[in-house]
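# Structural features, examined
Here's the letter readout for the chains.
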Amino acid sequence: MTRIMDGVLASFDYEGLLALVVEPDDDNRALLCRALIDLGFPPPLDAHNAATALYAAEEITPDLLILDARLEGPDGADGFELLQRIREDYTTLPADIPVVLLAGAVNDFAVQESKRLEVDLLLTKPVPAKRLQNRVNSLMMKRFTDRVTWGN
């Protein structure tokens, strides 16, 4: 995706970057994955609950985590608890992994927990694909400056 930053056209190289999408709803998970593929990511790894996400994270080391705040599953962990586990256990995922947290409603609790857990983006669901792509693209450009190409 290309965008204008500081008046100059910039593009980002997504080749080889991996994303992990953790969303309990199958349709929403598919839409999120499709938006990332359209942005330039290879097909993301996806999970429907915290346990599956932790297992997936052992298989690969993603460069981006998109996480629903309200997860359900056999281990009972919601998105905040999963992110807490990730932040405490550096063997699961890198501590500095860019995180996009999706919430049905952004209230004081969600904002405070997002700050405490160092969430990069807190977005209210449903998130239109174009908005997600723009926000993720900006985040990735800031985090992986060596992948940004400036020019015409």
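Residues numbered from 1 in each chain as written. Predicted model: local features only at pLDDT ≥ 70, side-chain atom pairs only at ≥ 80, totals over all residues. Heavy atoms only, no water.

### Quick word on the packing of aromatic side chains
Tallied over the full model, the rule gives three aromatic pairs. Measuring from ring centre to ring centre gives 4.5 Å for Phe-12 and Tyr-14, while their planes differ by 65 degrees; the resulting arrangement is edge-to-face. The two residues Phe-12 and Tyr-14 agree in class, both being buried. With a centroid separation of 4.8 Å and an interplanar angle of 50 degrees, the aromatic rings of Tyr-14 and Phe-41 are classed as tilted. Within this pair, whereas Tyr-14 is found in the loop between strand E2 (8-12) and strand E3 (19-22), its partner Phe-41 is found in the loop between helix H1 (26-39) and strand E4 (45-47), the two being separated by 27 residues in sequence. Summarising the burial analysis for this pair, Tyr-14 and Phe-41 share the class buried. Of the aromatic side chains, those joined through ring pairs into one cluster are Phe-12, Tyr-14 and Phe-41. (Phe/Tyr/Trp six-rings, centres within 6.5 Å; stacked < 30°, edge-to-face > 60°. Buried < 20%, exposed > 50% of the residue type's maximum accessible area, 1.4 Å probe, protein only. Helix = DSSP H or I, 4+ residues; strand = E, 2+ residues; numbered from the N terminus.)

### With respect to the confidence of the model for the protein chain
When pLDDT is averaged along the protein chain, the result is 86; 89% of the residues meet or exceed 70. In the model of the protein chain, strand E1 (residues 2-5) stands out as the element of lowest mean pLDDT, 54, in contrast to H1, which has the highest, 96. (pLDDT = per-residue confidence, 0-100.)

### With respect to unusual backbone geometry
Put simply, Lys-125 and Pro-126 share a cis peptide bond, and its omega is -5 degrees. Mapped onto the elements of the fold, Pro-126 is located in the loop between strand E7 (121-124) and helix H5 (129-143). At Glu-118, a position not held by glycine, the phi torsion is positive, near 55 degrees. Mapped onto the elements of the fold, Glu-118 is located in the loop between helix H4 (108-116) and E7. By relative accessible area, Glu-118 is classed as exposed at 55%.

### Details of the nonpolar core
Formed by 26 residues in total, the largest nonpolar core has its most connected members in Phe-41, Leu-64, Ile-66, Val-100, Leu-132, Val-136 and Met-140. Secondary-structure elements contributing two or more residues to this core are E2, E3, H1, strand E5 (64-68), strand E6 (99-103), E7 and H5. Listed in part, the 25 residues of the second largest apolar core include Leu-20, Ala-50, Leu-67 and Leu-101. (Core = buried A, V, L, I, M, F, W, Y, C linked by side-chain atoms within 4.5 Å.)

### Some thoughts on the pattern of salt bridges
Counted under the stated rule, the structure contains seven salt bridges. Residue Arg-29 is joined to Asp-26 by a salt bridge in which the shortest nitrogen-to-oxygen separation is 2.6 Å. With Arg-29 and Asp-26 both in helix H1, this residue pair falls three residues apart, about one helical turn. Among the residues examined, Arg-29 registers a relative accessible area of 10% and is labelled buried. With a shortest N-O distance of 2.7 Å, Arg-143 and Asp-120 are connected by a salt bridge. With Arg-143 in helix H5 and Asp-120 in the loop between H4 and E7, this pair connects stretches of sequence that are 23 residues apart. Arg-143 sits in the partly exposed class, given a relative accessible area of 34%. One network of salt bridges, in which partners are shared, links Glu-23, Asp-68 and Lys-125. (Salt bridge = Lys/Arg side-chain N within 4 Å of Asp/Glu carboxyl O.)

### Let's talk about the layout of surface pockets
When its volume is computed, the largest pocket comes out at roughly 200 Å³. If you list the elements that add at least two residues to the lining of the largest pocket, you get H1 and H5. (1 Å grid on protein atoms, 1.4 Å probe; cavity = no way out; pocket = protein on both sides within 12 Å on 5 of 7 lines; lining within 4 Å. Points joined across faces, edges and corners; volume = space filled by probe spheres on them.)

### Section: the environment of Leu-45
Residue placement: Leu-45 occurs in strand E4. Relative accessible area serves as the criterion here: at 30%, Leu-45 is assigned to the partly exposed category. In sequence terms Leu-45 and Val-22 are 23 residues apart; their C-alpha atoms lie 8.7 Å from each other. Contacts of Leu-45, omitting those with residues within four sequence positions, involve Ala-19, Leu-20, Val-21, Ala-56 and Ile-60. (Contact = heavy atoms within 4.5 Å.)

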